[in-house]
Structure formats: C-alpha cells, structure tokens
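Structure assessment
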Amino acid sequence: MGVGTGAGKGVAEGRVVVVTGAGRGLGRAHALAFAAEGAKVVVNDLGVGLDGLQGPDSPAGQVVSEIQALGGEAVAHGGDIATGEGAASLVSCALDSFGRLDTLVNNAGFLRDRMLVNLEEDDWDAVMRVHLKGHFLPLRAAAVWWRAEAKAGRRVAARVVNTSSGAGLLGSVGQGNYSAAKAGILGLTLVSAAEMGRYGVQVNAIAPAARTRMTERAFAETMAAPAAGAFDAMAPENVSPLVVWLGADGSAGVTGRVFEVEGGRITVMEGWRPGPTADRGARWTPAEAGEAASKLLAAAESPLPAYGSV
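The paragraphs below set out a description of the structure included in this document. (Residues numbered from 1 in each chain as written. Predicted model: local features only at pLDDT ≥ 70, side-chain atom pairs only at ≥ 80, totals over all residues. Heavy atoms only, no water.)

Okay, the overall build of the chain next. Of the regular secondary structure elements, the chain holds 10 helices and eight strands. Relative to its 310 residues, the chain shows a buried fraction of 45%. Considering only intrachain contacts with a sequence separation of at least 6, the fraction spanning at least 24 residues in the chain is 70%. (Helix = DSSP H or I, 4+ residues; strand = E, 2+ residues; numbered from the N terminus. Buried < 20%, exposed > 50% of the residue type's maximum accessible area, 1.4 Å probe, protein only. Contact = heavy atoms within 4.5 Å.)

Spelled out as structure tokens, the structure:
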C-alpha cells in the first residue's frame, strides 16, 4: 500500500504540512508519517552538519523521493528558515506547490555544546538563531497568511507543533545555549497559542527524546539501539504519531500545551504553577524575607535535577 492510499483516509488527509529540518532524524520521521496519513508535505532542510555548517548536499530531496516512491506528494525546500526571506519562501513554497498551508512543524536545530565557562559568544548566537529565530520566523510567516485567510472569511484550522526539549524544561549540563533556546520555545508556544487562537490556529510543543544525530553522540549509552527484535524506544518514529495528531484536525481544541514524548510514553507537562506562598501585606526586611522563603521551600516540592547533574 502506498503513502496515503488504502481503504480508509489518513488522519491528515488533504492537509498541507511544512516540516523544517526534515532531511534526517525526527524531521524526516515526521514528514514520512504525515505523508503516510495523506498529507502533502514540504520538506525543508538546509543540509548542514551537527554544528550548523553547510554540508556537501541537502538530504531534503532524498526524503521527497522516499515519499513520492510510496505514492505521496512532497516538495523540497532548501532555504534558511532562520532568515526572514527563507521563512517567507518556505510558506510561499507550500502555497505555490499545493495552494494552501495547514500545519507547520518547527523542528530544525543543531548543537554547540560547551560548559558555560567555555561557551563562546558565537556558539551561543548560532544555537539561539537556529532554534529561536528558526521557530519564530516560519511561525510569523505562516501566521500572517492564516490571519489574512481568517479575515477574508475563509475557515482556518491551522496547527503548529514546536520542538522543545527536556533540556528546556529542566536544563542540561553542558548545554546552556541549547537549554535556554528550548526554554524560549516554550514561552513562544504559549504566547502564539494565546494570540492566534482567534484566527483558528492551534500551537503546541513537544519535548521529545529520540535517537538523532544530535543525541546519539551526547547520550550514546541512553540512545543505543536495542537487541534485535526488542522495542526500539529511542527510534525517532515513535515521536511522530503524536506530532501527526497534533498537526491534524483530530486535535481540535488542544492548544498551548507541552507534551513529553519518548518511546511508548506520552506525558502532558504542567509547567510552572504557584506553590507555597506567604503574603504579609507589607514590605519584608531581608531577614524576614529569608525566614519566610526558608519556610516556603520546606513546604515546596523538590525540583527535578538538570540532566547530567546527578
């Protein structure tokens, strides 16, 4: 059976989906999974290495060929989505190729891991650029089109899936730049969900754990493939079913949420919530504030440790 064919329609049938960083790893798995459920896919990949430097050729076309060989529809986009021009051309590629855009999956990223005292400014800026600007600019370009569609009276049932990380939720030793960027993506997700809901746009985020070029070196033992025949909990294909659901019509009403997803486990993350509180109705002295804070900490839940700290 080919992609998007068979007796029943797929859950993403007819939707036009853009996936950034889709040449390898999680992005490739997402693109193939959407195509298998009937979506038309724009496969974006700049074709860079783990450090964000240009490679000899982009793998986006290879993923497009895989989808087409299975009977699906896909086009490649090789632009730099961390630039305004590249992000605009990404949306234009979907519109020119398929006439519309329904789902944006922001996935592109790379690592420049260093302990904080050794982290160079260029390494900070490069990671912020690809993760934060690489989420913001495609999201803004897509949101402008969706808002115009809504204002023109056309129905919009748009979906955005952003890619954060456990490093963004808890922090990760040796990944100050990456952790900060991934935490920023969570904030962007919450704001865009609140702002864009009126136009029919839902925005959610995932914090996946899977074997990719970024993780198989940094967490080699955890990411190792299992023995033959055993469930491969770290396969990137395990993450994609949730992404497809979030990017399809069936997730109607779900927005502003963050999901951890790993292997066969899906967790709704509940984020920052007020814990123990003291309010004296007047200004504290430093000593009084310290005494009050100590009592509150004793009554509070202990925080989870950053990755790599224990």
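Right, let's talk about the pattern of salt bridges for a bit. With the rule as written, the count across this model stands at 10 salt bridges. Between Arg-129 and Asp-80 there is a salt bridge, with its nearest N and O atoms 2.5 Å apart. Placement of the pair is Arg-129 in helix α4 (residues 121-151) and Asp-80 in the loop between β3 (74-77) and α3 (84-98), with a sequence separation of 49 residues. Residue classification places Asp-80 among the partly exposed positions, given a relative accessible area of 24%. In this structure, the salt-bridge partner of Glu-260 is Arg-265, at a minimum N-O distance of 3.7 Å. Of the residues examined, Glu-260 reaches a relative accessible area of 15% and is grouped as buried. (Salt bridge = Lys/Arg side-chain N within 4 Å of Asp/Glu carboxyl O.)

The subject of this paragraph is the sheet that holds strand β5 (residues 158-163). Pairing within the open sheet is mixed, and its eight strands lie in the order β3-β2-β1-β4-β5-β6-β7-β8. Strand pairing shows two members of the sheet lacking a second neighbour, β3 and β8 (265-269), which therefore form its edges. In this sheet, adjacent strand axes meet at a mean angle of 20° when their direction is disregarded. Of the strand pairs in this sheet, strand β1 (residues 16-19) and strand β4 (residues 103-105) are connected by three bridges, and their pairing is parallel. (Pairing = 2+ DSSP bridges. Axes fitted to C-alpha atoms, helices over the stretch in contact; angles between N-to-C directions.)

Next up on the list: the side chain of Gln-175. Structurally, Gln-175 is set in the loop between α5 (166-170) and α6 (176-196). Separated by 2.8 Å, the side chains of Gln-175 and Ser-172 make a polar contact. (Polar contact = N/O pair within 3.5 Å; in protein donor to acceptor, adjacent residues only side chain to side chain.)

The next point concerns the pairing of strand β6 (residues 201-209). Counting buried residues along β6, nine of its nine residues qualify, which places the element largely inside the surrounding structure. The two faces of β6 match: Val-201, Val-203, Ala-205, Ala-207 and Ala-209 on one face and Gln-202, Asn-204, Ile-206 and Pro-208 on the other face are all buried. Sheet topology places β5 next to β6; six bridges connect them, and they run parallel. When the sheet's bridge partners are listed, Ala-158 is paired in β6 with Val-201. For β6 and strand β7 (residues 258-262), the ladder comprises five bridges, and the chain directions are parallel. Each residue of the ladder has a partner; that of Ala-207, found in β7, is Glu-260.

A surface patch of negative charge is lined by Glu-120, Glu-121, Asp-122 and Asp-125. Following the sequence through the fold, Glu-121 ends up in helix α4. (Patch = residues over 30% accessible without salt bridge, like charges linked within 9 Å, V, L, I, M, F, W, Y side chains within 5 Å. Areas by Shrake-Rupley, 256 points an atom, 1.4 Å probe, with all protein chains shown as cover. Lys, Arg positive; Asp, Glu negative; His and termini not counted. Charge placed at Lys NZ, Arg CZ, Asp CG, Glu CD.)

The next thing to look at is the packing of α4 against α6. Contact geometry of α4 with α6 gives a least axis separation of 8 Å together with a crossing angle of 15°. Classed by the angle they form, the pair α4 and α6 counts as roughly parallel. By crossing handedness, the relation of α4 to α6 is classed as right-handed. Contacts from Asp-123, Trp-124, Val-127, Met-128, His-131, Leu-132, His-135, Phe-136, Leu-139 and Ala-143 of α4 reach α6 at Gly-176, Asn-177, Tyr-178, Ala-180, Ala-181, Lys-182, Gly-184, Ile-185, Leu-188, Ser-192 and Met-196. The residue inventory of the contact of α4 with α6, partitioned by class, reads 13 nonpolar, six polar and two charged. (Parallel < 35°, antiparallel > 145°, perpendicular 65-115°, else oblique. Left-handed = near helix turned anticlockwise from the far one by under 90°. Nonpolar A, V, L, I, M, F, W, Y, C, P; charged D, E, K, R; others polar.)

Turning next to a nonpolar patch on the surface. A surface patch of nonpolar side chains, amounting to about 310 Å² of accessible area, comprises Met-115, Val-117 and Val-173. Relative to the assigned elements, Val-173 resides in the loop between α5 and α6.

By the definition in use, this model includes zero aromatic pairs. Its end group placed over the ring of Trp-284, Arg-280 keeps NZ or CZ at 5.3 Å from the ring centre. (Phe/Tyr/Trp six-rings, centres within 6.5 Å; stacked < 30°, edge-to-face > 60°. Lys NZ or Arg CZ within 6 Å of the ring centre and 35° of its normal.)

Another point: the environment of Pro-305. In this fold, Pro-305 is placed in the segment after α10 (286-299). A sequence separation of 133 residues divides Pro-305 from Ser-172, and the C-alpha atoms of the two residues are 8.9 Å apart. Setting aside residues no more than four positions away along its own chain, Pro-305 makes contact with Leu-170 and Val-310.

Now for the packing of helix α1 (residues 25-36) against helix α2 (residues 60-69). Taken N-terminus to C-terminus, the directions of α1 and α2 make an angle of 25°; their axes are 10 Å apart at the nearest point. Classified by the angle their axes make, α1 and α2 are roughly parallel. Crossing geometry of α1 relative to α2 is assigned as right-handed. Here Arg-28, Ala-31, Leu-32 and Ala-35 of α1 lie close against α2, whose contacting residues are Val-63, Glu-66 and Ile-67. For the contact of α1 with α2, a count of residues per class yields five nonpolar, no polar and two charged.

Before going further, it helps to spend a moment on α3. Between its first and last C-alpha, α3 extends 21 Å over 15 residues, near the 21 Å set by a 1.5 Å rise per residue. In this structure, the buried side of α3 is in contact with β1, β2 (40-44), β3 and α4. At the exit of α3 stands Gly-99, carrying a positive phi of roughly 85°. (Expected span 1.5 Å × (residues − 1).)

That is the geometry; function is a separate question.
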